[in-house]
Amino acid sequence: MRLFEARNAHFDRLVNTSHLRWLGQNTNHSKAHPAVVEAMIRCARDEEFHIYAPPAGLEALRAGIIDDLGLQGQSVLVSDGAIESLYHVCHTLLRPGDEFITTDPTWNWPMAFAKAVGATVKQIPIYGPEYQYRLDPVRLAEAMGPKTKVVYLVDPNNPLGTVCTKAEIAAIADAVGKAGAYLIHDCTYRHFAHEHHLAAKLDPERTITIYSFSKWLGLAGLRIGAVVAHPDVIERLAASPPNNLGSSILSQRAAIAGLSIKEEWFPGVLAELRSNQALVKAAVDKIPGLSMPVYPSNGNFVVIECDAIGIRVDALAAVYGERDIMIRQGAYHTPTFGDRFIKVSLSVPKEWAEEFASLLPSMMEKARARNEPATVF
Ligand SMILES: Cc1ncc(COP(=O)(O)O)c(C=O)c1O
């Protein structure tokens, strides 16, 4: 079977396992606010789906995204999820021979998009205490050269959960601006951060901000996100978008409703996530040799290091998988550091986090007994 068929069959099985505990994809399983569900029901009941939505998105949604970010003066192109925005930006800005720089680990798909247009990809390692699991702007400036066209910064970082300080963002924006490159600031996890600073506030012309409704609002399956940038950049992007017929109107209605209840609803999501993080940290601390290098995490996930006790992380993901609990092995993010950690997503019901934590000692023993490499995606 071809790899993509095997991968698809794997995810199809997961999606069709109704009781699966999703602790692997940074999705948000908090109970939706009734206003969000009602907006979708209304859209379906009124059969609004017969029409195409406006090409750049419903104006109420575009304005809502600008307000949420506080990026007045910037423009918005609504998309079928942040991933589509990233694909679009990479294909628009990069040409063969250009250089694309990101961290290691990072979120991998944009590297594939850059390579597909003939750009070269450079990764700056940030994993490990020697780097404090973060990007030092000086190292970025040193890595950039005349061919650097795009710097892709996932902030908060997925999978690490570190976030750039105000001074770091200022130095990164400065280095990118001086090199005449663009900064793609992927802010998919911004809402979960203890503090977050938008590069677009410092360099609105060369920063491209990526926005997602999958994580904070929990709409991953609805495929709705956006790219936010200077109107000139958005005009360029709007000239040949992957989908000029408007993103799902049902998803856009849900997103507009989500923004309207955010202040009332989201603090509860954040509180549950942070209490789940604390619960898992306590379980990790009880096992000698396991550690959580970034705590508290600024994302809706945590990284757990297992290499000190010689547990294979693919085996650990596989044994949890056999209990219908999906977690992520580090290799999903990075071949270089991937054998050192697992990632566990925690914007989930408390019972799921408790189950993960209480099973940890026995799953470690089971994983230790596995010698064969497991096929995990
Ligand atoms: C850093 C990052 N960017 C973008 C995405 C994709 O977001 P969306 O669901 O809005 O396409 C993800 C999904 O995990 C992600 O981790």
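First, a word on what this report is: a plain description of the structure on this page. (Residues numbered from 1 in each chain as written. Predicted model: local features only at pLDDT ≥ 70, side-chain atom pairs only at ≥ 80, totals over all residues. Heavy atoms only, no water.)

Take the nonpolar core next. Grouped together as the largest cluster of nonpolar side chains are 70 residues, with contacts concentrated most on Ile65, Phe213, Leu316 and Phe356. The element contributing the most residues to this core is helix 9 (residues 249-285), with twelve residues. Residue contacts for isoleucine 65: discarding those within four places in its chain leaves Val76, Val78, Tyr211, Phe213, Ala226, Val228 and Leu259. (Core = buried A, V, L, I, M, F, W, Y, C linked by side-chain atoms within 4.5 Å. Buried < 20%, exposed > 50% of the residue type's maximum accessible area, 1.4 Å probe, protein only. Helix = DSSP H or I, 4+ residues; strand = E, 2+ residues; numbered from the N terminus. Contact = heavy atoms within 4.5 Å.)

Further remarks concern the site of the ligand. Contacts to the ligand come from 13 residues, most closely from Ala82, Tyr189, Ser212, Ser214 and Arg223. Within the side chain of arginine 223, one N or O atom sits 2.7 Å away from an oxygen atom of the ligand. Judged by the fraction of its atoms near the pocket grid, the ligand is located in the largest pocket. Tallied by class, residues from the shell around the ligand come to five nonpolar, five polar and three charged. (Near = heavy atom within 4 Å. Polar contact = N/O pair within 3.5 Å; in protein donor to acceptor, adjacent residues only side chain to side chain. 1 Å grid on protein atoms, 1.4 Å probe; cavity = no way out; pocket = protein on both sides within 12 Å on 5 of 7 lines; lining within 4 Å. Sits in = over half its atoms within 2 Å of the grid points. Nonpolar A, V, L, I, M, F, W, Y, C, P; charged D, E, K, R; others polar.)

This part takes up helix 10 (residues 313-322). Of all the ten residues making up helix 10, eight are buried; the element is thus mostly covered by neighbouring parts of the structure. Listed as buried for helix 10 are Val313, Asp314, Ala315, Leu316, Ala317, Ala318, Val319 and Tyr320. On its buried face, helix 10 is in contact with strand 10 (325-326), strand 11 (328-329), strand 12 (341-345) and helix 11 (350-368). Aspartate 324 occupies a position one or two residues after helix 10 and carries a positive phi of about 60°.

With that settled, the discussion passes to the pairing of strand 5 (residues 148-154). Of all the seven residues making up strand 5, six are buried; the element is thus mostly covered by neighbouring parts of the structure. Pairing between strand 3 (residues 99-104) and strand 5: four bridges, direction parallel. Bridging across to strand 5, isoleucine 101 finds its partner in valine 151. Where strand 5 and strand 6 (residues 182-186) come together, five bridges link them in parallel fashion. When the sheet's bridge partners are listed, tyrosine 152 is paired in strand 6 with isoleucine 184. With helix 7 (residues 166-178) bridging strand 5 and its parallel neighbour strand 6, the resulting β-α-β unit is right-handed. (Pairing = 2+ DSSP bridges. Right-handed = clockwise from strand over helix to strand, strands pointing away.)

Another aspect to go through is the sheet that holds strand 12. The strand order across the open sheet built from three strands is 9-12-11, with neighbouring strands paired in antiparallel fashion. Both outer strands of the open sheet, strand 9 (301-305) and strand 11, are each paired with one neighbouring strand and no more. Two elements, strand 11 and strand 12, share two bridges in a ladder whose sense is antiparallel. Pairing of glutamine 329 across the sheet is with isoleucine 342, part of strand 12.

Limitation: the analysis is restricted to geometry and does not speak to function.
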